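Here is how the chains run, residue by residue.
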Amino acid sequence: MTDETFDKVTMFGADWCRDCRRSKALLDRLGVDYEYVDVEADLSAADRAEAISGRKNIPVVVLPNGKHFVEPSDAELQGELEASGAI
């Protein structure tokens, strides 16, 4: 829904969001080089995440190949990270 591109795995989230904390912990545990964009600290980030996903839900995780996930399960996110070569 946007033509924004990302050079590395990018996660849009917030500290108060349980799913965000879970996905962030998975990325950390797997040693993924990623950028975390806090939608509370960066006022434009929530709009960017919504433009990418078409939804207001977080986390939004975007891979360098353009694929994105909204509220992914750990298994779904890890599987796609492996398939895309991010880990």
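Going by the structure above, here's the rest.
Since the model is a prediction, treat every value here as computed from it, not as a measurement.

S.K.: Where do I start with the overall build of the protein chain in this structure?
M.R.: Scanning the protein chain from N- to C-terminus turns up three helices and four strands. Reading the protein chain from its N end, one meets helices and strands in the order β-α-β-α-β-β-α. The C-alpha radius of gyration computed for the protein chain amounts to 12 Å, which stays within 12% of the reference 12 Å derived for 87 residues, consistent with globular compactness. Its C-alpha atoms give the protein chain principal-axis dimensions of roughly 30 × 30 × 20 Å.

S.K.: Looking at this model, I keep getting lost on helix H3 (residues 74–84). Mind explaining?
M.R.: Since the α-helix packs 3.6 residues into each turn, any two residues three or four apart lie on the same face. All of the buried residues in H3 are Leu-77, Glu-80 and Leu-81. The buried residues of H3 all sit within an arc of 105° when viewed along its axis, so they share a single face. Summarising the geometry of H3, the exposed residues directed more than 90 degrees from the buried face are Ala-75 and Ala-83. Buried residues belonging to H3 abut strand S1 (9–13), helix H1 (18–30), strand S3 (60–62) and strand S4 (68–70).

S.K.: Honestly, the nonpolar core in this entry has me stumped. Any pointers?
M.R.: Buried together is how nonpolar side chains tend to be arranged in soluble globular proteins. In terms of nonpolar packing, the biggest core is built from 25 residues, with Val-9, Phe-12, Leu-27, Val-60 and Leu-81 touching the most fellow members. Mapped by element, the contributors of at least two residues to this core are S1, H1, strand S2 (34–38), helix H2 (45–53), S3, S4 and H3.

S.K.: How do you make sense of the environment of Ala-25 when you look at a structure like this?
M.R.: Take Ala-25: it is sitting in helix H1. You can call Ala-25 partly exposed: its relative accessible area is 34%. Here the alpha-carbon distance between Ala-25 and Asp-38, two residues 13 residues apart in the chain, equals 15 Å.

S.K.: What is the right way to read the packing of H1 against H3 from this model?
M.R.: In a packed pair of helices, the relevant descriptors are the angle between the two axes and the axis-to-axis distance. Between H1 and H3, the least distance of the axes is 10 Å, while the angle of their chain directions is 40°. Judged on the interaxial angle alone, H3 and H1 are oblique. Between H1 and H3 lies a crossing whose hand is right-handed. The residues of H3 that touch H1, namely those facing Arg-22, Ser-23, Leu-26, Leu-27, Arg-29 and Leu-30, are Asp-74, Leu-77, Gln-78 and Leu-81. Among the residues making up the contact of H1 with H3, the classes are represented as five nonpolar, two polar and three charged.

S.K.: Please explain the side chain of Glu-80 as it appears in this structure.
M.R.: Within the element layout of this structure, Glu-80 appears in helix H3. Residue Glu-80 is classed as buried on the basis of its relative accessible area, which comes to 16%. Ignoring anything within four residues of it in the chain, the contact list for Glu-80 reads Leu-63, Asn-65, Lys-67 and Phe-69.

Quick notes on the rules
Residues numbered from 1 in each chain as written. Predicted model: local features only at pLDDT ≥ 70, side-chain atom pairs only at ≥ 80, totals over all residues. Heavy atoms only, no water. Helix = DSSP H or I, 4+ residues; strand = E, 2+ residues; numbered from the N terminus. Rg over C-alpha atoms; globule rule 2.2 N^0.38 Å. Buried < 20%, exposed > 50% of the residue type's maximum accessible area, 1.4 Å probe, protein only. Arc of directions from axis to C-beta. Contact = heavy atoms within 4.5 Å. Core = buried A, V, L, I, M, F, W, Y, C linked by side-chain atoms within 4.5 Å. Axes fitted to C-alpha atoms, helices over the stretch in contact; angles between N-to-C directions. Parallel < 35°, antiparallel > 145°, perpendicular 65-115°, else oblique. Left-handed = near helix turned anticlockwise from the far one by under 90°. Nonpolar A, V, L, I, M, F, W, Y, C, P; charged D, E, K, R; others polar.

In short, the description is geometric, and any link to function would need to be established separately.
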